[in-house]
Amino acid sequence: MKIPLSRPDITEKEENAVRKVLKTPHLSLGPKLYEFEEKIAEYVGVKYAVAVNSGTSALHLIIRALGIKEGDEIITTPFSFIASANCILFERATPVFVDIEPDTLNIDPEKIKSIVDSQRSTVKAILAVDVFGLPCNWDELETLAKRYDLKLIEDSAEALGSRYLTKNGWKKCGSFGNAGVFAFYPNKQITTGEGGTVLTNNQEVADLCRSMANQGREVKNGKWLEHVRLGYNYRISDINCAIGIAQLERIDEILEKRRKVAETYNRLFKEVKGVKILYEDPGFKRSWFVYVIQLEEKYEREDRNRILKKLKEKGIECSNYFTPIHLQPFYRRKFGYKEGDFPVTESVSARTIALPFYNNLSEEEVEYIVNNLKKLI
Ligand SMILES: *Cc1c(COP(=O)(O)O)cnc(C)c1O
């Protein structure tokens, strides 16, 4: 048996949608772009979505649109995908890492307080990641952002469809803070091949992002060869957007399939000793992005690596997830980070195993995976 780590769920619906676009003159900046943006904004419950060619581009645009510049500091965590810290460096600002909570794996609001309280008028923003689709503690983060007059950015690249119970009721991830992002790489909940989007209720931020994504052209009544600000080519094609629309029309089916696979895993892991499954809380509704387990604290990185190797030998693709950002070679070199700097992140990272996870993973395959893992622990 050979089971991949992830696999997109592309049906005839997506294929037909692409074929239709290919017959139009609008391969880019056409009607599918605006339709996709409208649909995704409506789904999340925000006023504006600006679709672009990746989640990383979307993060970069937000950093610029919020006026973050050289010398500014942004609080974020090292337990994330590299892009959530890199987007800060793109603008020569500095990420200030704080550690995560050991159960939720999200940013620890208490640690934010201690940093902002103790110093730093240079701290301008918090960039919080809904790790593995679990919403951050957004009530707490919004209170902190308000109290310290900080901008708040939501990296919800992994959390399309996740919901959080606020003081005022349920809200979807992607709608918190000044602006948020989704990403549509093939392993995310929905895909456009490559793609991402900015989400915001602030028209100025939306217009700036849209302009910068399109070479700095004015959003309204701009001329093709007139560039009013520094811009990029972060455009997403109508071909990609057509895939996104088709995927979004299937979103309930997609999220339900993922939930079922996760439940099967959870049920089978109940009887496996030495393994912790992801955190659950009735106020934090996780939309399933990946299926990651943690070995218990008594296990070491070497135990985990041995298990990864053995699983792969059985045809089960798997991975450690994430490698802490501060320990990436580039970050060590640039900032002098070392092991021990962020103990919770490092301890969790040493014990995670991301297992195969996608919409059409069968119950038999999940059983095969769990049984093999059980034998190795
Ligand atoms: C996937 C991901 C991104 C980046 O998205 P791309 O579309 O690959 O650029 C950013 N942040 C997090 C947390 C992600 O998981």
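Quantities reported herein were computed from a predicted structural model and do not represent experimental measurements. (Residues numbered from 1 in each chain as written. Predicted model: local features only at pLDDT ≥ 70, side-chain atom pairs only at ≥ 80, totals over all residues. Heavy atoms only, no water.)

A. A look at the sheet that holds strand β12 (residues 291-295). Taken together, 3 strands build an open sheet; the order of strands is β10-β12-β13 and the sheet is antiparallel. Of all strands in the sheet, those bounded by a partner on one side alone are β10 (275-276) and β13 (352-355). Of the pairings in the sheet, the one linking β10 to β12 comprises 2 bridges and is antiparallel in character. Looking across to β12, one finds that Lys276 is bridged to Gln294. Running at roughly 20 degrees to β12, helix α9 (residues 251-269) makes contact with β10, β12 and β13 of the sheet. Of the strands in this sheet, β12 and β13 are in contact with helix α10 (residues 301-313), which crosses β13 at around 20 degrees. (Pairing = 2+ DSSP bridges. Helix = DSSP H or I, 4+ residues; strand = E, 2+ residues; numbered from the N terminus. Contact = heavy atoms within 4.5 Å. Axes fitted to C-alpha atoms, helices over the stretch in contact; angles between N-to-C directions.)

B. Up close: the pairing of strand β4 (residues 123-129). Burial analysis of β4 places 6 of its 7 residues in the buried class, the great majority of the element. Direction of pairing for strand β2 (residues 73-76) relative to β4: parallel, over a ladder of 3 bridges. Residue pairing in the sheet places Glu73 in a bridge with Val123 of β4. Here 5 bridges tie β4 to strand β5 (residues 151-155), and the two strands are oriented parallel to one another. (Buried < 20%, exposed > 50% of the residue type's maximum accessible area, 1.4 Å probe, protein only.)

C. Just the packing of helix α2 (residues 31-44) against helix α8 (residues 238-249), in detail. Running from amino to carboxyl end, α2 crosses α8 at an angle of 35 degrees, the nearest separation of the two axes being 8 Å. As α2 runs across α8, the sense of the crossing is left-handed. Packed against α2, whose contacting residues are Pro31, Lys32, Leu33, Glu35, Phe36, Lys39 and Ile40, the element α8 presents Asp238, Cys241, Ala242, Gly244, Ile245, Leu248 and Glu249 at the interface. (Left-handed = near helix turned anticlockwise from the far one by under 90°.)

D. Molecular detail of the side chain of Thr76. Inspection of the secondary structure assignment puts Thr76 in strand β2. The exposure class of Thr76 is buried, given its relative accessible area of 0%. Within the local environment of Thr76, its side chain forms a polar contact with the backbone oxygen of Leu127, the two atoms lying 2.9 Å apart. If we skip the residues at most four places from it in the chain, Thr76 touches Ile88, Pro95, Val96, Phe97, Val98, Ile107 and Leu127. (Polar contact = N/O pair within 3.5 Å; in protein donor to acceptor, adjacent residues only side chain to side chain.)

E. Just helix α3 (residues 55-65), in detail. Burial analysis of α3 places 9 of its 11 residues in the buried class, the great majority of the element. Residues of α3 that are buried include every one of Gly55, Ser57, Ala58, Leu59, His60, Leu61, Ile62, Ile63 and Ala65, and no others. Two or three places before Thr56, at the opening of α3, Ser54 has a side-chain oxygen 3.3 Å from that residue's backbone nitrogen.

F. Region of the structure containing the packing of aromatic side chains. For the structure on display, the rule yields 23 aromatic pairs. On the numbers, 6.0 Å between centres and 80 degrees between planes, the contact of Phe97 with Phe342 is edge-to-face. Of the two residues, Phe97 sits in strand β3 (residues 94-97) while Phe342 sits in the loop between α11 (329-335) and α12 (343-349), which places them 245 residues apart along the sequence. Residue classification places Phe97 among the buried positions, given a relative accessible area of 5%. Cluster of aromatic residues (ring-pair linked, three or more members): Phe97, Phe330, Tyr331, Phe335, Tyr337 and Phe342. Positioned over the ring face of Tyr43 is Lys172, at 4.1 Å from the centre of the ring. The ring of Trp224 has Arg217 lying over it, and the distance from NZ or CZ to the ring centre is 3.3 Å. (Phe/Tyr/Trp six-rings, centres within 6.5 Å; stacked < 30°, edge-to-face > 60°. Lys NZ or Arg CZ within 6 Å of the ring centre and 35° of its normal.)

G. Broad picture of the nonpolar core. One finds Phe132, Tyr265, Phe269, Tyr291, Leu311, Ile353 and Leu355 to be the most contacted residues of the largest nonpolar core, which totals 72 residues. Ranked by the residues each element gives to this core, the list is headed by α3, at 6 residues. The residues contacting Leu355, other than those within four sequence positions of it, are Leu5, Tyr265, Phe269, Tyr291, Ile293, Leu311, Glu317, Ile369 and Leu373. Residues Val98, Trp138, Leu141 and Leu144 belong to the second largest nonpolar core, which totals 22 residues. (Core = buried A, V, L, I, M, F, W, Y, C linked by side-chain atoms within 4.5 Å.)

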